[in-house]
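The chain contents come next:
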Amino acid sequence: MCGIVGYIGHREAYPIVLKGLKRLEYRGYDSAGIALYDGEEIKLSKTKGKVADLETRLENEIATKGTVGIGHTRWATHGVPNDVNSHPHYSNSGNLVIIHNGIIENYEPLRQELTNRGYTFTSETDTEVLVNLIEDVKTKEKVKLGKAVQIALNQTVGAYAIAVFDRNKPDEIVVARLGSPLAIGVGENEYFVASDASPFIEYTNNAIYLEDGEMAIIRRKKGVKVRKIKDDKQVDPYVQELKMNLEQIEKGGYDHFMLKEIYEQPNAISDTYRGRMRVSDGIIKMAGIDDHIEKFTNARRILIIACGTSWHAGLVGEYIFEDLARIPVEVEYASEFRYRNPVIYQDDVVIAISQSGETADTMAAIKLAKEKGAFVFGICNVVGSSISRETHAGAYTHAGPEIGVASTKAFTTQITVLTLIALQLAKKKGVISTPDFHAHLQELERIPEKVAKALESNEHIKEVADIYKEASNCLYLGRGFNFPVALEGALKLKEISYIHAEGYPAAEMKHGPIALIDEQMPVIVIATKKGHYDKVVSNIQEIKSRKGKIIGIVTEGDVTVKGLADHVIEIPETMESMTPLLTTIPLQLLSYHIAVMLNKNVDQPRNLAKSVTVE
Ligand code: M6R
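First things first, this report covers the structure right here in the doc. The structure presented is a predicted model; accordingly, all values stated were derived computationally and were not measured. Numbering of residues starts from 1 in every chain and runs along the sequence as written. Reporting of local features is limited, given that this is a predicted model, to residues whose pLDDT is at least 70; pairs of side-chain atoms are given and counted only at 80 or more, and all residues count toward the totals for whole chains, interfaces and linings. Based on all heavy atoms of the structure, the side-chain values leave hydrogens and waters out of the count.

## Section: the packing of aromatic side chains
Thinking step 1. Aromatic rings from Phe, Tyr and Trp, with only the six-membered ring used for Trp, were paired whenever their centres fell within 6.5 Å, and each pair was classed as stacked if the ring planes differed by under 30 degrees, edge-to-face if by over 60, and tilted otherwise. Summed over the entire model, instances satisfying the criterion amount to eight aromatic pairs.
Thinking step 2. Centroid distance Tyr-7 to Phe-192: 5.1 Å. Interplanar angle 55°. Geometry classified as tilted. With Tyr-7 in strand E1 (residues 3-8) and Phe-192 in strand E10 (residues 191-194), this pair connects stretches of sequence that are 185 residues apart.
Thinking step 3. Relative accessibility thresholds used throughout: buried, under 20% of the residue-type maximum; exposed, over 50%; partly exposed, between the two (1.4 Å probe, protein chains only). Classification of Tyr-7 by relative accessible area gives buried; the value is 0%.
Thinking step 4. Judged by centre distance (5.6 Å) and plane angle (25°), the rings of Tyr-254 and Tyr-263 are stacked.
Thinking step 5. These aromatic residues form a ring-pair network of at least three members: Tyr-7, Phe-192, Phe-200 and Tyr-203.
Thinking step 6. Sitting above the plane of the Tyr-345 ring, Arg-300 keeps its charged end 3.6 Å from the centroid.
Thinking step 7. Positioned over the ring face of Tyr-498 is Arg-606, at 3.9 Å from the centre of the ring. Put simply, DSSP marks the helices as runs of H or I at least four residues long and the strands as runs of E at least two long, and each gets a number from the N terminus on. Only lysine NZ and arginine CZ atoms are considered, and such an atom sits over a ring when it is within 6 Å of the ring centre and within 35 degrees of the ring normal.

## As for the pattern of salt bridges
Thinking step 1. What makes a salt bridge here is a side-chain nitrogen of Lys or Arg within 4 Å of a carboxyl oxygen of Asp or Glu, nothing more. Using the criterion set out here, one finds 36 salt bridges in the structure.
Thinking step 2. For Arg-220, the salt bridge goes to Asp-171, with nearest N and O atoms at 2.7 Å. Here Arg-220, found in the loop between strand E12 (214-219) and strand E13 (223-228), pairs with Asp-171, found in the loop between strand E7 (158-166) and strand E8 (172-178); they are 49 residues apart in sequence, far enough to count as distant.
Thinking step 3. For Arg-220, a relative accessible area of 16% puts it in the buried group.
Thinking step 4. Classification of Asp-171 as partly exposed rests on a relative accessible area of 41%.
Thinking step 5. A salt bridge links Glu-573 to Lys-530, with the shortest nitrogen-to-oxygen separation between them at 2.9 Å. Remark: Lys-530 occurs in the loop between strand E25 (522-527) and helix H19 (533-544) and Glu-573 occurs in the loop between strand E27 (567-571) and helix H21 (579-597); sequence separation between them is 43 residues.
Thinking step 6. A single network of salt bridges, built from pairs that share partners, joins Lys-19, Arg-23 and Glu-202.

As structure tokens, then:
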């Protein structure tokens, strides 16, 4: 998974491509490169490291001229991150240059075939094989670049978003996609190519999202021609107007995207429910659900498939659906589901949750569920993403771009969508009373204000973070609706601070993890005054008697846990099913501050990438 950017038009390409790469670094950041055509030849520069390293390298070179250019920020799949394996890659003649996001699975036999015909390779990448395959086709068949790309891609197996240009025809860039995202920004006599719209949003609001299996020939003067890769059929491109603005993308005064995104949650949650519920009339309107209501109300069960934080949101969804709508739910890791020959009934409803809408395992699980005849509903954040298109129906979370690799607002907005769906189904099935339904809508409407209140504990959380920043391990405990929040809290700490953490259902502690507890072990216990409060208080006693350090996440005004815990962090009172929307907030902030204090790269933690488009 990588970020790709391209430009062809009347401006200097270098600053556009470079800035675009910086915005796409969330997709991978182990190496970066740029190729520009300066009017005579292609100038290419690439390096292991971040886009900033590439920039430093380029400052010492003069190779930054030209109105055609492509750039790449990499997350290694084939070959270690080093200068040679970085993109762009030349073809053997030096005429073609390519960038690629994805994996060509049959690159080995293709490489062998090309080697037999005299091609040589400098890198270990599948991408260098692809660019030479294109060159080979172009020479053998005596066809133009677009045709050569089409023929070559039809010989490949795998996933790709590519951009390629030919130094002998520098007035065009050819792009194609299958399984990896690709957007084309359409300006006045200028065109942009990128993995998402963030690199070009300040230049144009008009974008074409290529569908899987499509390619486009982009010409400086003649515009964009879209075709199907398989059969060469021409397609009328749909130019859509984007509502996203640059401010949404940039950090907006915060030190990190993660912190900005944590603070965006009050607005993100209200953006999620806006237009979908009318509290005064007691109405929920969600086209994706209402248009298929019988599928849901007649469902034998709901299967939720997702990965990572989205899987945790799915687990919260299980508690919400079963409690409110009385529909049995199973929650599955997409990566397990896709390979374990699962039993899927035609009257199952599958809900796939994904912030990016590009996660490869989730995508594969969706395809499997569809093959078995299930109705698949998607909950995605990224509009136009692959999963949002692959599913039969869906609902966007409308959280706005999430750039920090650690998912925050995606989680709370996914839970908001799941709550709306569960309430709507409960109403349609007649398993919720009208006053109860109204009470839930009223409470959901108040959640953004309560999240804002929870955020006010930031300074106190920072003090707690300072005390525990040196811990080697942490335990997170919760029960019921807050068990998944304990898992999510542990994941947040692990991924950005590299401190080992585990989430557990509080009552399971005595079946094993209690052995870990001593005076060195911070235990974060979610102990809101709902659900099994008394039981959680007993669990806290058990930790205390083993000298564990207790950080309690409690409801405002709590005195019992305050009397037992070393520290408490308060959240406002709410209905039990909505507590995860609030208890998550202090856990996000705690991880954030610990990671900052440890000097970690909060927005781009090691070994991770924002969207995992490979399995
Ligand atoms: O885009 P998705 O929601 O499908 O991504 C799923 C996971 O890769 C993602 O939630 C990951 O676990 C995050 N780094 C967690 O913060």
